[in-house]
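Residue-level structural notes
Residues per chain, in single letters:
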Amino acid sequence: MYQPLGFKDPAHPDHVCLLRKSLYGLKQAPRAWYQRFADFAASIGFNHSKLDTSLFIYRHDHDTAYILLYIDDIVLTASSESLRKYVISQLSTEFAMKDLGPLSYFLGIAVTRHKNCLFLSQTKYAHDIIKKAGMTDCNPASTPVDSKGKMSTQSGISYGDPTSYRSLCGALQYLTFTRPDISYDVQQVCLFMHAPQVAHMNALKRIIRYIQGTADYGLHLYKSSITSLIFIRMLIGAGVLILVDLHQMVPLSDLHVSPMQYTDSPKLCRKAGAMAPDHDINGFNHFRTILNALYKYNNIYVHTFC
């Protein structure tokens, strides 16, 4: 670092400026701003999530509030109106803030309120991806993937613009936040980012053609009375279930691959209040019976991964 032109000190030519306040454009700015916000949030009772440091959680008795921070944009939700106003008043004492009202748009995600639910969509972002790919006038496809075609890295013609391929893959990954229907297909084309071929680009274009006809799709979020959440991993042919209570805050990657507690099906049936079978779990109908029993008798929602 050098002294700027016009501000050189002839008596101390080797001295540099002392940074007193972080400004936009400096490498230290994001870290310094986050630390300042995190310190103040902690002082009013918030703790940052262990899985996402941009999420701050407040819990006191029956009161709960969440703050989601992205640079200097904040999303706040609370269990009561009085708590929401209290948090805003506390933040206003430390930061210059402007209340923009109910959430309607955040990071490319539009939020539409209906009588019984919230609808999350990325319509504008989807159209931006289509335009970025130069496919504004393309014909829509009814499905995101050709079920007959198979992609591999063994043979094929290399795609001439791998940078563009990788950029579109990254854009599609963000779109999957509200479009789980394309998650698997996007994951498949992302496997070939290191060396994309023409066939891989054609598969990516097929996804974009599907988005062309479904740009208005999104997620509906409904209020739920679910009080407990259990993750089940089933070992096909082994007659074994692996149970994890999600209140333990287990990372998603560990849910899929890490060793967990094994629970045999008769024991699970007895816990759920269902009839225990004389054989191991092998059929879908029996597995469905267990899930229905868990929900009916214990008000437990089960996420399955097979």
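These lines cover the structure that appears in this document, whether it is placed above or below. (Residues numbered from 1 in each chain as written. Predicted model: local features only at pLDDT ≥ 70, side-chain atom pairs only at ≥ 80, totals over all residues. Heavy atoms only, no water.)

This part covers the overall build of the protein chain. Across its full length, the protein chain carries nine helices and twelve strands. Going through the 306 residues of the protein chain one by one, you find that 31% of them count as buried. Of the roughly 20,500 Å² of accessible surface on the protein chain, 56% is carried by carbon and sulfur atoms. (Helix = DSSP H or I, 4+ residues; strand = E, 2+ residues; numbered from the N terminus. Buried < 20%, exposed > 50% of the residue type's maximum accessible area, 1.4 Å probe, protein only. Areas by Shrake-Rupley, 256 points an atom, 1.4 Å probe, with all protein chains shown as cover.)

Running from N to C, helix α3 (residues 123–132) and helix α4 (residues 162–175) cross one another at 165 degrees; their axes reach a closest spacing of 10 Å. Compared by their axis directions, α3 and α4 come out roughly antiparallel. The handedness of the crossing between α3 and α4 is left-handed. Mapping the contact onto sequence places Tyr125, Ala126, Ile129 and Lys132 in α3 and Ser167, Leu168, Ala171, Leu172, Tyr174 and Leu175 in α4. Residues that form the contact of α3 with α4 fall into these classes: eight nonpolar, one polar and one charged. (Axes fitted to C-alpha atoms, helices over the stretch in contact; angles between N-to-C directions. Parallel < 35°, antiparallel > 145°, perpendicular 65-115°, else oblique. Left-handed = near helix turned anticlockwise from the far one by under 90°. Contact = heavy atoms within 4.5 Å. Nonpolar A, V, L, I, M, F, W, Y, C, P; charged D, E, K, R; others polar.)

For the pair α4 and helix α6 (residues 198–213), interaxial distance at closest approach is 11 Å and the crossing angle is 40 degrees. Crossing of α4 against α6: the hand is left-handed. Here α4 contributes Tyr165, Leu168, Cys169, Leu172 and Leu175 to the contact with α6, which in turn contributes His200, Met201, Leu204, Ile207, Ile208 and Ile211. For the contact of α4 with α6, a count of residues per class yields ten nonpolar, one polar and no charged.

Right, let's get into helix α1 (residues 29–43). With 15 residues, α1 should cover 21 Å at 1.5 Å per step; its first-to-last C-alpha distance of 21 Å lies within 8% of that length. Buried residues of α1: Ala29, Phe37, Ala38, Phe40 and Ala41, and no others. Down the axis of α1, the sector holding all buried residues measures 165 degrees, keeping them to one side. Away from the buried face of α1 by more than 90 degrees, exposed residues Arg31 and Ser43 are located. In this structure, the buried residues of α1 make contact with β1 (46–48), β2 (55–60), β3 (63–70), β4 (73–78) and α2 (81–92). (Expected span 1.5 Å × (residues − 1). Arc of directions from axis to C-beta.)

Next up on the list: the pairing of β4. As judged from the six bridges shared by β3 and β4, these two strands associate in the antiparallel manner. Bridging across to β4, tyrosine 66 finds its partner in threonine 77. The turn linking β3 back onto β4 is made up of two residues, and isoleucine 71 within it adopts a positive phi angle of 55 degrees. (Pairing = 2+ DSSP bridges.)

The next subject is the pattern of salt bridges. When charged atoms on two side chains of opposite charge get close, those side chains can pair. This structure, assessed with the given rule, holds five salt bridges. As a salt-bridge pair, lysine 124 and aspartate 128 come within 3.4 Å of each other at their nearest N and O atoms. Here lysine 124 and its partner aspartate 128 are both found in helix α3, four residues apart, which amounts to about one turn of the helix. The exposure class of lysine 124 is exposed, given its relative accessible area of 52%. Overall, aspartate 128 belongs to the partly exposed group, its relative accessible area being 37%. Among the ionic contacts, a cluster of salt bridges with common partners joins Glu81, Arg84 and Asp99. (Salt bridge = Lys/Arg side-chain N within 4 Å of Asp/Glu carboxyl O.)

Turning our eyes to something else, we now look at the sheet that holds β3. The antiparallel open sheet is built from four strands, whose spatial order is β1-β2-β3-β4. Two strands lie at the open edges of the sheet, namely β1 and β4, each paired on one side alone. Across the sheet, the axes of successive neighbouring strands diverge by a mean angle of 20 degrees, strand direction being ignored. Alignment of β2 against β3, held across six bridges, turns out to be antiparallel. Residue pairing across strands places histidine 60 opposite aspartate 63, the latter belonging to β3.

So, on to a nonpolar patch on the surface. Among the surface-exposed residues, Tyr70, Ile71 and Leu107 lie close enough to one another that they form a single nonpolar patch of about 270 Å² accessible area. The topology assignment puts tyrosine 70 in strand β3. (Patch = residues over 30% accessible without salt bridge, like charges linked within 9 Å, V, L, I, M, F, W, Y side chains within 5 Å.)

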